[in-house]
Amino acid sequence: MELVAVYAENWDDGLVGVLPRAVAARRHAAGEAYAVVFAAGGRCTAVLHVDGGGGYLGLRRFGEDGRAVSAHDWRRHPDGDLFLRSVETWSGPLRTPYEGTVESAEYRRSTWKRNGIRTDDSRTRYENGVLGTNHGRAEEDAPRRTPPVFGDWAPLFPDGDAQITDADGDAGLTASPTGRGWRTPQPLTFPGYVGEALPAGTVHLPTGRIVAADPNLIESEMQPLLVEVPPGTYPVMVFVAVINGDPGHRRVSAARLEVTGAPVARWEMALCEGQDLLDLGDGEFHGFDVDAGMASFLDAANVARLAEAEVWWEMLDDYETRPGPGFGPAGDGDVVAWESGWGDGAYPVWIGRAADGSVSCLVSDMLLDIDESGVPRWLTGRRGAASA
């Protein structure tokens with residue numbers, strides 16, 4: 001396969017900002033982001049996104065009809081090598097109503113975690129035309145490779161038979177009608193929250209090892225967050241937002257456990273044992289599961305006892321007598337619970353650190369994704385973090 005390489009800012013159904021080779025080489029050496037567009041016969045066949053500073057390498061390949069046929073995402077391992085975080089492939093005939101899109105094709109995705117587990121998900125079209133899904137897990141370390149030398153792109157192609165030369169100009173490719181750039185895929189960052197701050201009570205933390213959980217799912221083997229706070233009793237505030245200007249539609253957007261109350265200088269995702277930020281794809285997060293529409297903070301030392309006590313029944317009784325979303329303490333102050341955003345799902349916890357690195361607070365964000373007036377952003381197209 002003979003290809004020509006065009007250096008650019010991006011490919012977005014057309015070239016975005018063609019770069020001279022020397023400029024792209026300087027960006028590569030400086031760890032800055034750029035793209036390599038591979039063309040054959042005036043058609044884009046693949047796009048390589050490179051961000052050395054962000055520790056990311058992504059290769060997308062396209063078929064003759066312009067549809068994506070494969071995607072390989074590499075991440076930088078702490079030892080400096082790249083490891084394959086995920087590989088996706090699309091194939092098979094297209095079917096309406098998604099004619100021309102990857103949703104209508106057969107699909108396979110393998111994802112590797114740093115703990116040596118590979119997860120496989122696939123979508124297979126059966127003889128009757130129905131797409132069926134399958135899921136599997138296996139023990140397998142992620143494939144590894146050294147970061148590529150600038151200009152030595154052929155080894156990145158799975159079939160290994162690419163012959164690549166640098167293009168003189170745009171290689172006959174058209175310019176993008178939108179001109180959008182690209183960004184390195186990143187895990188979810190702290191989205192912020194809005195709403196009226198209301199006291200939800202205090203929670204006793206005799207060890208300072210915090211568990212965030214659905215109180216209906218408290219189990220003795222639950223893992224606490226890695227971050228710890230000094231043992232003590234801490235106030236919890238919930239933030240209640242009015243949705244779409246309807247006073248009768250109010251939801252909890254976040255719960256904030258106050259530790260020192262110092263101004264927050266930075267936010268970071270709270271993790272449990274065995275969790276790693278490098279295992280996350282774009283916009284993903286590590287969080288806790290909710291299956292009964294409730295979330296809570298408690299201490300790890302109280303998990304086993306509260307699991308047997310089933311304190312969530314106490315909370316349900318309280319919720320039924322409270323106007324609006326329910327929240328408050330239970331279990332003699334060993335738990336503070338609240339109704340969880342839109343309901344069941346998964347929710348992250350964020351650590352707010354002061355300028356000196358100490359823990360100012362922990363926030364369980366309910367991911368309402370609304371603006372300051374309570375309008376869901378997916379209705380307006382205005383994405384971004386709300387104010388905290």
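Position numbers for residues count from 1 along each chain, tracking the sequence in the order it is written. At least 70 in pLDDT is required for a residue's local features to be given in this predicted model, at least 80 for side-chain atom pairs to be given and counted, and no such filter applies to totals for whole chains, interfaces and linings, which use all residues. Remark: hydrogens and water are excluded; side-chain values derive from all non-hydrogen atoms of the structure.

A. Layout of the layout of surface pockets. Of the grid points, spaced at 1 Å and generated over the protein atoms alone, those admitting a 1.4 Å probe that cannot get out make up cavities, while open sets with protein on both sides within 12 Å along at least five of seven lines make up pockets; any residue with an atom within 4 Å of a point is treated as lining. Grid points are joined across faces, edges and corners, and a volume is the space filled by probe spheres set on the points. Considered as a void within the structure, the largest pocket measures approximately 810 Å³ in volume. Looking at the largest pocket, it is lined by 33 residues, and the ones nearest its centre are Lys113, Gln275, His286, Gly287 and Asp289. Strands are runs of DSSP state E lasting at least 2 residues, helices are runs of H or I lasting at least 4, and numbering of each runs from the N terminus. For the lining of the largest pocket, the secondary structure elements donating two or more residues are strand S8 (106-112), strand S9 (117-125), strand S14 (210-213), strand S18 (287-290) and strand S22 (345-353). Three categories are distinguished: nonpolar for Ala, Val, Leu, Ile, Met, Phe, Trp, Tyr, Cys and Pro, charged for Asp, Glu, Lys and Arg, and polar for the others, with Gly belonging to the last. Counted by class, the lining of the largest pocket contains 14 nonpolar, eight polar and eleven charged residues.

B. Focus on the environment of Glu2. Assignment of secondary structure puts Glu2 in strand S1 (residues 2-11). Spatially, the C-alpha atoms of Glu2 and Ala40 are 6.9 Å apart, while their sequence positions differ by 38 residues. Residue contacts are counted whenever heavy atoms from the two residues lie within 4.5 Å of one another. Setting aside residues no more than four positions away along its own chain, Glu2 makes contact with Ala39, Ala40 and Gln163.

C. Inspection of unusual backbone geometry at higher detail. One non-glycine residue, Ala171, lies in positive phi territory at about 55°. Position of Ala171 relative to the elements: it lies in the loop between strand S12 (163-166) and strand S13 (196-205). Note on Ala171: relative accessible area 25%, which makes it partly exposed. The backbone of Asn244 shows a phi angle near 55°, a positive value even though the residue is not glycine. When accessible area is computed with a 1.4 Å probe and restricted to protein chains, residues below 20% of their type maximum are described as buried, those above 50% as exposed, and intermediate ones as partly exposed. Under the relative-accessibility criterion, Asn244 is labelled partly exposed at 46%.

D. How the structure looks around the side chain of Ser296. Relative to the helices and strands, Ser296 resides in strand S19 (residues 294-299). Excluding its chain neighbours within four sequence positions, the residues that come into contact with Ser296 are Val211, Ala212, Ala213, Pro215, Val335, Val336, Ala337 and Trp338.

E. Structural view of the nonpolar core. Nonpolar cores are built from buried Ala, Val, Leu, Ile, Met, Phe, Trp, Tyr and Cys residues. Side-chain atoms within 4.5 Å join them into one set. Residues Leu225, Val229, Val238, Leu257, Phe288, Trp338 and Leu362 are the most contacted members of the largest nonpolar core, which totals 32 residues. One finds Phe38, Val50, Leu82 and Phe157 within the second-largest nonpolar core, a separate group that totals 25 residues.

F. Highlighting the environment of Gly333. Examined against the element boundaries, Gly333 turns out to sit in the loop between strand S20 (327-330) and strand S21 (335-339). Each C-alpha atom, one on Gly333 and one on Leu298, is 9.1 Å from the other, the two residues being 35 residues apart in sequence. Non-local contacts of Gly333, meaning those with residues more than four positions away in its chain, are made with Thr202, Val203 and His204.

G. Broad picture of the pattern of salt bridges. The rule for a salt bridge is simple: a side-chain nitrogen of Lys or Arg has to be within 4 Å of a carboxyl oxygen of Asp or Glu. Here the structure, examined in full by the defined rule, presents 18 salt bridges. Here Arg250 and Glu196 are joined by a salt bridge, their closest N and O atoms 3.9 Å apart. Here Arg250, found in strand S16 (residues 250-258), pairs with Glu196, found in strand S13; they are 54 residues apart in sequence, far enough to count as distant. Residue Glu196 is classed as partly exposed on the basis of its relative accessible area, which comes to 45%. Each of the salt bridges in this network shares a partner with another, and the network as a whole consists of Arg108, Arg118, Asp120 and Glu140.

H. Broad picture of the environment of Asp81. Assignment of secondary structure puts Asp81 in the loop between strand S6 (68-76) and strand S7 (82-91). C-alpha separation for the pair Asp81 and Thr146, spaced 65 residues apart in sequence, amounts to 4.9 Å.

I. The arrangement of the packing of aromatic side chains in detail. A pair of Phe, Tyr and Trp rings is counted when the ring centres sit within 6.5 Å of each other, with Trp represented by its six-membered ring. The angle between the planes then sorts it: under 30 degrees is stacked, over 60 is edge-to-face, the rest tilted. Applying the stated rule across the entire model yields twelve aromatic pairs. Ring centres of Tyr34 and Phe150 lie 6.1 Å apart, and the angle between their planes is 55°; on these two criteria the pair is classed as tilted. Here Tyr34 is found in strand S3 (residues 33-40), whereas its partner Phe150 is found in the loop between strand S11 (144-145) and S12, with 116 residues between them in sequence. Phe150 carries the same exposure label as Tyr34, and that label is buried. Geometrically, the ring pair formed by Tyr193 and Phe239 is tilted, given 4.6 Å between the ring centres and 55° between the ring planes. You can see Tyr193 sitting in the loop between S12 and S13 and its partner Phe239 sitting in strand S15 (residues 232-242), a full 46 residues away along the chain.

J. Examining the sheet that holds S20 more closely. Pairing is antiparallel across the open sheet formed by four strands, whose spatial order is S14-S19-S21-S20. Strands at the two margins of the open sheet, each flanked by one partner only, are S14 and S20. Averaged over all adjacent pairs, the angle separating strand axes in this sheet is 20°, with direction ignored. Direction of pairing for S14 relative to S19: antiparallel, over a ladder of four bridges. Bridging across to S19, Ile210 finds its partner in Asp299. A pair of strands is considered paired only if DSSP assigns at least 2 bridges between the two. Each axis is a line fitted through C-alpha atoms, taken for helices only over the stretch in contact, and angles between the N-to-C directions span 0 to 180 degrees.

K. Looking closely at the confidence of the model for the protein chain. How sure the predictor is of each residue is captured by pLDDT, a score from 0 to 100. Here the protein chain averages 85 in pLDDT, while 87% of its residues score no lower than 70. Counting interchain partners and residues more than four positions distant, the pLDDT-below-50 stretch residues 95-100 has eight contacts. When the criterion is pLDDT under 50, residues 380-388 qualifies, and its contacts beyond four places in sequence or with other chains add up to 23 contacts.

L. Just the side chain of Asn10, in detail. Here Asn10 lies in strand S1. Polar contacts, as counted here, are pairs of nitrogen or oxygen atoms within 3.5 Å of one another; within protein the pair requires one atom able to donate a hydrogen and one able to accept it, and residues that are adjacent in sequence qualify only if both atoms are side-chain atoms. Reaching out from Asn10, the side chain makes a polar contact with the backbone oxygen of Gly181 at a distance of 3.2 Å. Discounting chain neighbours no more than four positions away, the residues touching Asn10 are Leu15, Val16, Ala35, Val37, His49, Arg180, Gly181 and Trp182.

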